[in-house]
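This is what each chain is made of:
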Amino acid sequence: MYTPPHYKNENIDEVREFIKANSFGILVSQTKGRLWGTHIPMELDFDEHGNTFLYSHISKANPQWESFADGEEVLAIFHGPHSYVSSSWYQKEDVPTWNYIAVHVYGKVQIIEGKELMDSLKKLVDTYEHGSEHPVSVENLSEKTMRQVNGIVGFKIAVSEIQATYKLSQTRKENDFHTIVNQLENSPDFMSKATAEAMKQSREKE
């Protein structure tokens with residue numbers, strides 16, 4: 001991913017938290033001679049040696065998994081808030097642009113089975129059931145329901161590189177920056193409001 005130096009986020013702890021908070025991403029790989037993308041949640045985790053992994057699973061009916069056994073490199077894409085920025089909000093004439101946060105994760109993929117697969121499913125369900133009034137747990141699902149596990153392929157990605165772009169008007173002067181934030185905050189679009197919040201948080205960390 002091309003990222004100008006002033007938009008590159010190299011704070012790995014912050015980027016990891018972003019991945020956890022925006023874990024529904026796109027897994028991209030070569031499948032039968034074509035680029036193939038699957039939209040799935042991917043959970044960031046670490047082993048006892050501190051190595052970074054992404055865990056997930058896809059349907060066996062999805063042909064993307066058929067190349068996983070070769071341990072090929074794959075790309076996982078995660079994106080956060082984004083919004084159009086009008087140049088009418090600037091004090092001086094310039095071109096319009098787009099603010100956004102995007103993270104690309106590269107790594108080698110491996111199929112997982114047995115206990116490792118079940119552990120990853122438990123963590124995934126527990127993560128998203130945390131706020132439920134009556135949370136579901138894998139341990140309490142019936143044997144009949146759990147037979148659906150036979151229809152999925154679990155995998156993990158051994159992360160080799162993380163690239164993070166936080167394009168949040170860092171290069172704009174203070175007056176322009178605050179005008180952009182105000183315009184986005186007053187927009188009826190929830191994504192614009194989220195972008196404004198990301199801009200403010202980014203500026204506070206500078």
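See the structure shown above.
Residues numbered from 1 in each chain as written. Predicted model: local features only at pLDDT ≥ 70, side-chain atom pairs only at ≥ 80, totals over all residues. Heavy atoms only, no water.

What's the story with the pairing of strand β7 (residues 152-167) in this structure? I'm lost.
It is a general feature of regular strands that their side chains alternate between the two faces of the sheet. By the criterion of burial, β7 is predominantly enclosed, with 12 of the 16 residues buried. Note that strand β4 (residues 52-59) and β7 share 7 bridges and pair antiparallel. Along β7, the bridge assignment pairs F53 with A158. (Buried < 20%, exposed > 50% of the residue type's maximum accessible area, 1.4 Å probe, protein only. Helix = DSSP H or I, 4+ residues; strand = E, 2+ residues; numbered from the N terminus. Pairing = 2+ DSSP bridges.)

What exactly am I supposed to notice about the environment of V136 here?
Among the structural elements, V136 can be located in the loop between α2 (114-129) and α3 (143-146). Taking the relative accessible area as the measure of exposure, V136 reaches 38% and is therefore partly exposed. As a C-alpha pair, V136 and N182 span 46 residues in sequence and 41 Å in three-dimensional space. Beyond its immediate chain neighbours, meaning those up to four positions away, V136 contacts V125, E129 and L141. (Contact = heavy atoms within 4.5 Å.)

What's the story with the sheet that holds β7 in this structure? I'm lost.
Through backbone hydrogen bonds, the strands of a sheet pair up, either in parallel or in antiparallel fashion. Strand order in the open sheet formed by 7 strands is β2-β1-β5-β6-β7-β4-β3, with antiparallel pairing between adjacent strands. At either margin of the open sheet sits one strand with a lone partner, and together these are β2 (34-41) and β3 (43-46). Ignoring which end each strand starts from, the neighbouring axes of this sheet average 35 degrees apart. When strand β6 (residues 97-112) meets β7, the two strands line up antiparallel, connected through 13 bridges. Across the sheet, the residue bridging to A102 is T165, located in β7. Contacting β3, β4, β5 (73-85), β6 and β7, helix α1 (residues 12-21) runs over the sheet at an angle of about 130 degrees to β7. (Axes fitted to C-alpha atoms, helices over the stretch in contact; angles between N-to-C directions.)

Teacher, can you tell me more about the packing of helix α4 (residues 174-185) against helix α5 (residues 190-205) here?
Between two packed helices, what matters for the description is the angle formed by their axes and the separation of those axes. Running from N to C, α4 and α5 point in directions that differ by 145 degrees, and their axes come no closer than 7 Å. Here α4 and α5 pass one another in a crossing that is left-handed. Contacts between α4 and α5 pair E174, F177, I180, V181, L184 and E185 from the former with S192, K193, T195, A196, M199, K200 and R203 from the latter. Here the residues of the contact of α4 with α5 are counted per class, giving 6 nonpolar, 2 polar and 5 charged. (Left-handed = near helix turned anticlockwise from the far one by under 90°. Nonpolar A, V, L, I, M, F, W, Y, C, P; charged D, E, K, R; others polar.)

Whenever I open this one, the pattern of salt bridges confuses me. Can you help?
Opposite charge on two side chains makes pairing possible when the charged atoms of those side chains draw close. As enumerated under the stated definition, the model contains 9 salt bridges in all. Measuring nitrogen to oxygen at the nearest pair gives 2.9 Å for the salt bridge that ties K156 to E116. One end of the pair, K156, is in strand β7; the other, E116, is in helix α2, with 40 residues separating them in the sequence. When salt bridges with common partners are traced through the structure, they connect D94, R172 and D176 into a single cluster. (Salt bridge = Lys/Arg side-chain N within 4 Å of Asp/Glu carboxyl O.)

Help me out: how do you make sense of α2 in this one?
What sets the pattern is the α-helix's 3.6 residues per turn: residues three or four places apart point alike. The terminal C-alpha atoms of α2 lie 23 Å apart, and with 16 residues this matches the ideal 22 Å at 1.5 Å per residue to within 8%. Among all positions of α2, only L117, S120, L121 and L124 are buried. Buried residues along α2 cover an arc of 100 degrees about the axis, so they all sit on one side. In this structure, the buried side of α2 is in contact with β2, β3, β4, β6 and β7. (Expected span 1.5 Å × (residues − 1). Arc of directions from axis to C-beta.)

Is there a simple way to think about the side chain of S137 in this case?
Its location among the elements puts S137 in the loop between α2 and α3. Under the relative-accessibility criterion, S137 is labelled buried at 16%. Among residues more than four places away in sequence, those in contact with S137 are V125 and D126.

I'm lost on the packing of aromatic side chains in this one. Help?
The geometry of an aromatic ring pair is captured by the separation of the ring centres together with the interplanar angle, meaning the angle of the planes. Under the criterion given, the structure shown has 4 aromatic pairs. Judged by centre distance (5.2 Å) and plane angle (65 degrees), the rings of F68 and F155 are edge-to-face. Of this pair, F68 sits in the loop between β4 and β5 while F155 is found in strand β7, placing the two residues 87 residues apart along the sequence. Each member of the pair F68 and F155 is classed as buried. Between R172 and the ring centre of Y90, over which it is positioned, the NZ or CZ distance is 3.7 Å. A cation over a ring is seen here: R203 above F177, with NZ or CZ 3.6 Å from the ring centre. (Phe/Tyr/Trp six-rings, centres within 6.5 Å; stacked < 30°, edge-to-face > 60°. Lys NZ or Arg CZ within 6 Å of the ring centre and 35° of its normal.)

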